[in-house]
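# Descriptive analysis of the structure
Okay, here's what each chain looks like letter by letter:
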Amino acid sequence: MTSEFNGHICRGGVYDFNGIQYNSPGVYIDTLFSLGGCDSIYFKLDLEYPPDFEAQITMEKDTLCLGELAEIYSTFNNVDSLQYLWYLGIL
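Report follows, based on the coordinates.

So, about the packing of aromatic side chains. In the structure shown here, the tally under the stated rule is four aromatic pairs. Both rings, one in phenylalanine 17 and one in phenylalanine 43, keep their centres 6.2 Å apart while their planes meet at 80°; by these two values the pair is edge-to-face. With phenylalanine 17 in strand β2 (residues 15–17) and phenylalanine 43 in strand β5 (residues 40–48), the pair connects residues that are 26 residues apart, well separated along the chain. Judged by relative accessible area, which is 11%, phenylalanine 17 ranks as buried. For the pair tyrosine 22 and tyrosine 28, a centre-to-centre distance of 4.1 Å together with 35° between the ring planes defines the contact as tilted. Cluster of aromatic residues (ring-pair linked, three or more members): Phe5, Phe17 and Phe43. Here the basic side chain of arginine 11 rests over the ring of tyrosine 49, its NZ or CZ set 4.1 Å away from the ring centre.

Put into structure tokens, the structure is as follows:
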């Protein structure tokens, strides 16, 4: 019997699978044998880095004066994600 798994590992990280720690992407195979030795289970792990993403942050203005409101937009992988309002007020 074969069980297949897919996993992601961060660069510099460790991925624990079936009690074994892996620190780089690749295809790993492990085998578990029954006590009688007749049956076995094969584990296949396809470990890869998560896809890279591209982030962009933009503002309507390059500079702000005290008391002005700024709108800041962020985009991840060409998908609009967040909008921030920032106010430089007087404390």
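Read on, since the account is not over.
Tracing the backbone through its elements, the reader meets aspartate 30 in strand β4 (residues 26–33). Within the buried core, aspartate 30 has no salt-bridge partner, and the shortest N-O distance to an opposite charge, that of lysine 44, equals 15 Å. Engagement of the side chain of aspartate 30 in a polar contact is seen with the side chain of asparagine 18, the distance being 3.0 Å. When neighbours within four sequence positions are excluded, aspartate 30 is seen to be in contact with Asn18, Ile20, Ile41, Tyr42 and Phe43.

Taken together, the three strands give an open sheet; going across it, the order is β1-β5-β4, and neighbouring strands pair in mixed fashion. Only two strands of the sheet have a single neighbouring strand rather than two, namely β1 (2–8) and β4. Pairwise comparison of adjacent strand axes, ignoring direction, gives a mean angle of 20° for this sheet. In this sheet, β5 lies alongside β4 in antiparallel orientation, the contact comprising eight bridges. From the neighbouring strand, tyrosine 28 faces β5, where its bridge partner is leucine 45.

A few words now on the environment of isoleucine 41. In this fold, isoleucine 41 is placed in strand β5. Beyond its immediate chain neighbours, meaning those up to four positions away, isoleucine 41 contacts Met1, Ser3, Asp30, Thr31 and Leu32.

Reading the values: the criteria
- Residues numbered from 1 in each chain as written.
- Predicted model: local features only at pLDDT ≥ 70, side-chain atom pairs only at ≥ 80, totals over all residues.
- Heavy atoms only, no water.
- Phe/Tyr/Trp six-rings, centres within 6.5 Å; stacked < 30°, edge-to-face > 60°.
- Helix = DSSP H or I, 4+ residues; strand = E, 2+ residues; numbered from the N terminus.
- Buried < 20%, exposed > 50% of the residue type's maximum accessible area, 1.4 Å probe, protein only.
- Lys NZ or Arg CZ within 6 Å of the ring centre and 35° of its normal.
- Lys, Arg positive; Asp, Glu negative; His and termini not counted.
- Salt bridge = Lys/Arg side-chain N within 4 Å of Asp/Glu carboxyl O.
- Polar contact = N/O pair within 3.5 Å; in protein donor to acceptor, adjacent residues only side chain to side chain.
- Contact = heavy atoms within 4.5 Å.
- Pairing = 2+ DSSP bridges.
- Axes fitted to C-alpha atoms, helices over the stretch in contact; angles between N-to-C directions.

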